[in-house]
Amino acid sequence: MTARLPFPPAFDLPVGAAAERHNREVREVWETYRADRPIRVPVQFAGARTLYHERHGIDWRGYYESPDEMIRLQLEAAKYQRELPYGDHPLGEPPEQWEVRVDFHPIATAASFGCPVMFRPDAVPAHHSLHLSLEECQSLVFPDPRTSALLPKHATFIDEFDRRCVTEGLRFMDRPVVRVKPTIPSTGGGVFSTALDLRGHEIMSDMYEEPAFVHAFLERIAEWRIDLERIWTLRDGMEFPLDHPGKGEIEIVDHGIDMLSVEIYEKFLGALIDKLGLKYRQAPSTFLHHCGRGSHLFPAMKRRYKFDRLHGLCWPINDVGRIRRELGYDIWITAVIADTIMQQGPKATHAAVRDFLTPEVKGSGRICLWAPGEVAGIPVASYEALYAAAKEFGRYR
């Protein structure tokens with residue numbers, strides 16, 4: 001018997017000429033962007049989930065406690081996304097299949113090590129650092145990547161998702177629902193970010209006073225993260241690319257690197273990535289997500305890793321024009337207007353997009369705006385203003 005959760009049967013918007021014009025423009029914007037001859041800067045709108053949660057008073061605790069609730073809210077948010085004309089995504093058109101994922105973002109790794117979790121009304125959950133002593137870090141028994149903290153629940157949710165989607169054949173708006181595979185627990189912001197979660201800011205003093213400890217500690221964290229990803233990838237019956245030379249890549253993403261000098265980054269993180277690359281016979285990734293203030297490291301990182309995609313750059317805390325000059329216009333950049341600006345309302349948002357989209361930033365293409373919607377309190381009108389301003393100031397021809 002096909003399973004059906006209590007969902008609305010249709011999109012809540014008038015599907016007429018306006019939606020058809022929007023969808024035609026969306027297709028053209030993405031086709032020309034990917035072909036490297038853009039007509040306009042695209043906008044990736046991802047705020048529907050937060051807006052939906054705000055609209056219905058959804059508590060993140062409930063989302064984390066019930067597989068059915070997690071599935072329902074993901075599908076409702078995906079549907080809601082296709083009703084909101086605030087970005088370059090289709091309106092009123094369901095996908096061939098709806099995708100759901102077990103989602104304990106962004107706390108699964110930190111919780112595995114015992115970091116206290118915070119549920120917040122205005123953003124996704126977060127956690128506190130443990131601030132372990134150097135001696136506690138040296139003697140730390142790393143958690144089992146199958147059974148610690150949230151990970152048993154992660155496994156239970158996978159099984160429940162599969163029961164719903166596969167065994168019961170869950171459908172939404174007459175389209176099949178599938179679980180994204182592999183379903184890897186959220187690994188947080190990177191190796192150094194995890195070190196900060198455990199040791200706290202003291203790890204930066206250790207880099208000068210106890211460098212041998214830091215090298216060993218970062219390597220232990222990196223190998224634990226690799227084990228975590230391997231275990232959960234194999235659990236889904238899939239090949240783990242890192243175990244097959246040339247098929248995987250060494251991750252270079254790390255949120256915690258903002259406060260490091262180029263010299264210290266190279267000595268510890270760069271050296272670790274080189275070591276892992278040699279061990280697993282893999283090249284470093286050419287994708288860098290970084291939503292912090294670490295742009296002073298980008299030129300050295302580009303020389304080392306030859307990355308060609310830079311994702312999550314927050315403006316104005318990062319000078320995107322300078323970054324484009326330093327790295328070259330061959331880099332594909334996805335940028336974000338700061339949430340603190342968008343929370344001020346549509347007028348401030350419109351002005352910010354105008355000021356951001358200079359000829360230097362736009363170049364001849366390879367620039368995209370992203371509205372991730374990770375925090376609450378952003379008015380719907382701000383998303384509308386961002387999209388309208390991108391259409392006004394982001395055109396090439």
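See the structure printed just above.
My aim in this report is to walk through the structure given alongside it, one point at a time. (Residues numbered from 1 in each chain as written. Predicted model: local features only at pLDDT ≥ 70, side-chain atom pairs only at ≥ 80, totals over all residues. Heavy atoms only, no water.)

## Focus: the packing of helix α8 (residues 191-199) against helix α10 (residues 211-235)
Packing of α8 against α10 brings their axes to within 9 Å, and their N-to-C directions diverge by 110 degrees. One way to sum up the angle between α8 and α10 is to call them roughly perpendicular. As for the relative orientation of α8 and α10, their crossing is right-handed in sense. Packed against α8, whose contacting residues are Val191, Phe192, Thr194, Ala195, Leu198 and Arg199, the element α10 presents Phe213, Phe217, Leu218, Ile221, Ala222 and Arg225 at the interface. Looking at the contact of α8 with α10 residue by residue, the classes come out as nine nonpolar, one polar and two charged. (Axes fitted to C-alpha atoms, helices over the stretch in contact; angles between N-to-C directions. Helix = DSSP H or I, 4+ residues; strand = E, 2+ residues; numbered from the N terminus. Parallel < 35°, antiparallel > 145°, perpendicular 65-115°, else oblique. Left-handed = near helix turned anticlockwise from the far one by under 90°. Contact = heavy atoms within 4.5 Å. Nonpolar A, V, L, I, M, F, W, Y, C, P; charged D, E, K, R; others polar.)

## A word on helix α2 (residues 48-56)
Burial in α2 covers these residues: Ala48, Thr50, Leu51, Tyr52 and His53. In the core, the buried residues of α2 are packed alongside β1 (43-45), α3 (60-65), α4 (67-81) and α17 (380-393). Backbone geometry just after α2 places glycine 57 at a positive phi near 65 degrees. (Buried < 20%, exposed > 50% of the residue type's maximum accessible area, 1.4 Å probe, protein only.)

## Some words on the pattern of salt bridges
All told, the structure shown has 31 salt bridges when counted by the stated rule. A salt bridge links arginine 40 to aspartate 88; the nearest nitrogen and oxygen atoms lie 2.8 Å apart. A residue pair is termed long-range when its members are at least 10 positions apart, and arginine 40 in the loop between α1 (17-34) and β1 and aspartate 88 in the loop between α4 and β2 (98-100) qualify at 48 residues. Neither arginine 40 nor aspartate 88 differs from the other in exposure class; each is buried. Aspartate 227 is paired through a salt bridge with arginine 230; the nearest N and O atoms lie 2.7 Å apart. Residue aspartate 227 and its partner arginine 230 are located together in helix α10, separated by three residues, close to a single helical turn. Each of Glu25, Arg40, Asp88, Lys391 and Arg395 takes part in a single network of salt bridges with overlapping partners. (Salt bridge = Lys/Arg side-chain N within 4 Å of Asp/Glu carboxyl O.)

## Let's talk about the side chain of serine 148
Following the sequence through the fold, serine 148 ends up in the loop between α6 (134-138) and α7 (151-167). For serine 148, the residues in contact, after removing those within four places along its chain, are Ser112 and Pro143.

## A few points about the sheet that holds strand β9 (residues 332-337)
The five strands are arranged β1-β10-β9-β8-β7 in an open sheet whose pairing can be described as parallel. Here the strands that pair on one side only, and so sit at the sheet edges, are β1 and β7 (287-289). Adjacent strand axes in the sheet meet at a mean angle of 25 degrees, parallel and antiparallel pairs treated alike. Contacts from α17 reach β1, β9 and β10 (367-371), with the element oriented near 165 degrees to β1. (Pairing = 2+ DSSP bridges.)

Shape descriptors only; they carry no functional weight alone.
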